[in-house]
Amino acid sequence: MAKNGKIIVCKFGGSSAADAEKFRVIKNVVLSNCKRKIIVVSAPGKRFDGDEKVTDLLVEAAAERRKEIREKILRKVKERFYDFTALFGENTDKERVKKEIDCALDGSEGETLVSRGEFLSAKILAEFLGFDFADAKNLVKIRNERIDEDGCLRAAQEVKIGRGLVVPGFYGENERGEIKLLPRGGSDLTGAVLSFAFGTETYENFTDVDGVFDANPKEAGETRVGEKISYAQLRKFSQCGAKVMSAEACGFLRRFSVKTIIKKDDKGKCTVVSAATRYKGKFFASIAAVKVVIKKCDGISDGEFFADVFGAAKNIGLKIFSFFSKNDDLTIYFSHDCPRKIFEFSDYAKKRGFGVFACENVCLFNLFCNKKIAR
Ligand code: ASP
């Protein structure tokens, strides 16, 4: 399919949309290039160390049954959004904007409530930019809990881009007409889906760093931005826990060959991700994992053993970072963030008659250098 080089999809993450000042920066960036016409925005992220992300507050509020506590949390969210009215001049009725904020937050529950962070961000940004607001529920179609590609293509054809559109990230609409959240960090995926649906050549992903670093700056003294990397490299790095872009979004961009540019602004360095480019250096990912070694019992084939073990891990909902097998042992590195599921898994393996030999916290390093494990 021929790509549209006249339109760029831009996504601004939570840290780039944390407060009114950041919205001014977004406006300069967007208006400096007339191709930047489809803007995806996240809910406001942290403004400083120790601050709260709006989405985290909304998740808390949606789960809270006690009315006064829920209202207290929502109050904080409202205050965050009221601050954005500082962007508007006399021509905008600020009281009207505040009422819209109250109404969106007081009138929603569950996933819809959690999605209101992105919804309000996009509403306010659209008004500030003079672009149209295009609700993600009309553009990001979900069917059987997956992105419905045909539905998204059809939806994109029905939309007029005009001066430009601002679309909330992180959610879409399912076949029953309900608002469904994408996984956390899902605005990346919204940007990827819209790049595909509108057939754009380029997707610019604005974040708080200059691109993809070859290691976590907090753990490695010296780091470099990988100026050109492949989708496969970015996907692997993300799967290893690097918070760059979700593996699902990478997969999407790769399948539809959308050139992706990850950057902080137009001045600094950036990372270009495409099929044709590849980073020649080494990436270092360091992630906490739980190592479990499972020994096959007598009387079953390797195939049955693997199917049984991986099937159980999948059913329990465990995330696997890496695995290898040697003789009758299968070593799996699981995400460390859900100990209860690990116990459930090892109980299951024991009941099946497999030996469960080790359960320990480890740190995975250097997945890109074939040197699998270090303590
Ligand atoms: N606001 C959502 C989150 O915090 C989605 C996103 O930022 O992409 O996960």
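Residues numbered from 1 in each chain as written. Predicted model: local features only at pLDDT ≥ 70, side-chain atom pairs only at ≥ 80, totals over all residues. Heavy atoms only, no water.

Colleague: What's the story with the site of the ligand in this structure? I'm lost.
Modeller: Taken together, the neighbourhood of the ligand is formed by Ser42, Lys53, Thr55, Glu118, Phe170, Arg184, Gly185, Gly186 and Ser187. The separation between an oxygen atom of the ligand and a polar main-chain atom of Gly185 is 2.8 Å. Interatomic distance of 2.9 Å between a side-chain N/O atom of Ser187 and an oxygen atom of the ligand. Computed on the free molecule, the ligand has an accessible area of 270 Å², of which 93% lies beneath the protein chains in the complex. In terms of residue class, the shell around the ligand is made up of 1 nonpolar, 5 polar and 3 charged. (Near = heavy atom within 4 Å. Polar contact = N/O pair within 3.5 Å; in protein donor to acceptor, adjacent residues only side chain to side chain. Areas by Shrake-Rupley, 256 points an atom, 1.4 Å probe, with all protein chains shown as cover. Nonpolar A, V, L, I, M, F, W, Y, C, P; charged D, E, K, R; others polar.)

Colleague: For this particular structure, what's the right way to read the environment of Val59?
Modeller: Following the sequence through the fold, Val59 ends up in helix α2 (residues 54–63). Excluding anything up to four places from it in sequence, Val59 contacts Val114 and Arg184. (Helix = DSSP H or I, 4+ residues; strand = E, 2+ residues; numbered from the N terminus. Contact = heavy atoms within 4.5 Å.)

Colleague: Hey, could you run me through the nonpolar core in this one?
Modeller: One finds Phe23, Ile39, Leu125, Ile147 and Val166 to be the most contacted residues of the largest nonpolar core, which totals 82 residues. Among the elements that take part in this core, helix α5 (residues 110–129) stands out by supplying 10 residues, more than any other. With residues near it in sequence (within four places) discarded, Ile39 still touches Cys10, Phe12, Val30, Leu125, Leu129, Phe131, Leu165, Val166 and Val167. Ranked by size, the runner-up nonpolar core spans 17 residues in total, among them Val309, Leu330, Phe334 and Ala349. (Core = buried A, V, L, I, M, F, W, Y, C linked by side-chain atoms within 4.5 Å. Buried < 20%, exposed > 50% of the residue type's maximum accessible area, 1.4 Å probe, protein only.)

Colleague: What exactly am I supposed to notice about helix α7 (residues 187–197) here?
Modeller: Within α7, 11 of the 11 residues are buried, leaving the element largely enclosed by the surrounding structure. Those residues of α7 not exposed but buried are Ser187, Asp188, Leu189, Thr190, Gly191, Ala192, Val193, Leu194, Ser195, Phe196 and Ala197. Positive phi appears at Gly199, one or two residues downstream of α7, with a value of about 65 degrees.

Colleague: Help me understand the pattern of salt bridges, please; the structure alone is not making it clear to me.
Modeller: Two side chains carrying opposite charge are able to pair once their charged atoms lie near each other. Evaluated as defined, the whole model comprises 25 salt bridges. Of the charged contacts, one joins Glu100 and Arg96 as a salt bridge, the two residues approaching to 3.0 Å between their closest N and O atoms. One end of the pair is Glu100 and the other is Arg96, both in helix α4 (residues 94–106) and 4 residues apart, which spans about a single turn. We classify Glu100 as partly exposed; its relative accessible area is 33%. Arg96 sits in the partly exposed class, given a relative accessible area of 32%. With a shortest N-O distance of 2.7 Å, Arg96 and Glu127 are connected by a salt bridge. Highlighted residues: Arg96 in helix α4 and Glu127 in helix α5, separated in sequence by 31 residues. Several salt bridges share partner residues, and in doing so they unite Arg36, Glu204, Lys263 and Asp266 into one network. (Salt bridge = Lys/Arg side-chain N within 4 Å of Asp/Glu carboxyl O.)

Colleague: Just to check I follow, could you spell out the environment of Val258 for this structure?
Modeller: Mapped onto the fold, Val258 is located in the loop between α9 (247–255) and β11 (259–263). Residue classification places Val258 among the buried positions, given a relative accessible area of 1%. Between the C-alpha atom of Val258 and that of Ser195, which follows or precedes it by 63 residues, the distance is 7.1 Å. Setting aside residues no more than four positions away along its own chain, Val258 makes contact with Lys3, Ser195, Thr200, Glu201, Thr202, Tyr203, Tyr231, Leu253 and Val273.

Colleague: How should the pairing of strand β15 (residues 329–335) be read in this particular structure?
Modeller: Moving residue by residue along a regular strand, the side chains alternate between the two faces of the sheet. Burial of β15 is extensive: 6 of the 7 residues sit out of reach of the surface. Taken together, the 6 bridges between strand β14 (residues 320–326) and β15 define a ladder with antiparallel strand orientation. The residue of β15 that forms the bridge with Ser322 is Tyr333. In this antiparallel pair of consecutive strands, β14 and β15, the connection spans 2 residues, and Asn327 shows a positive phi of 50 degrees. (Pairing = 2+ DSSP bridges.)

Colleague: For this particular structure, what's the right way to read the packing of α2 against helix α3 (residues 67–82)?
Modeller: When two helices pack together, their arrangement is given by the angle between the helix axes and by the axis-to-axis distance. Close contact between α2 and α3 brings their axes to 9 Å; oriented N to C, the two are set at 155 degrees. By the angle between their directions, the pair α2 and α3 is classed as roughly antiparallel. In the crossing of α2 with α3, the sense of the turn from one axis to the other is left-handed. On α3, the residues that touch Val54, Leu57, Leu58, Glu60, Ala61 and Ala62 of α2 are Arg70, Ile73, Leu74, Lys76, Val77, Arg80 and Phe81. (Axes fitted to C-alpha atoms, helices over the stretch in contact; angles between N-to-C directions. Parallel < 35°, antiparallel > 145°, perpendicular 65-115°, else oblique. Left-handed = near helix turned anticlockwise from the far one by under 90°.)

Colleague: Can you help me understand the pairing of strand β1 (residues 4–12) in this one?
Modeller: In this structure, β1 lies alongside strand β9 (residues 200–206), joined through 6 bridges in parallel fashion. Bridging from a neighbouring strand, Asn4 pairs with Thr200 of β9. Inspection of the sheet shows β1 paired to strand β2 (residues 36–41) by 5 bridges, in the parallel sense. From the neighbouring strand, Phe12 faces β2, where its bridge partner is Val41. Once the chain exits β1 it traverses helix α1 (residues 20–31) before rejoining the sheet at β2, and the crossover so formed is right-handed. (Right-handed = clockwise from strand over helix to strand, strands pointing away.)

By themselves these figures say nothing about function.
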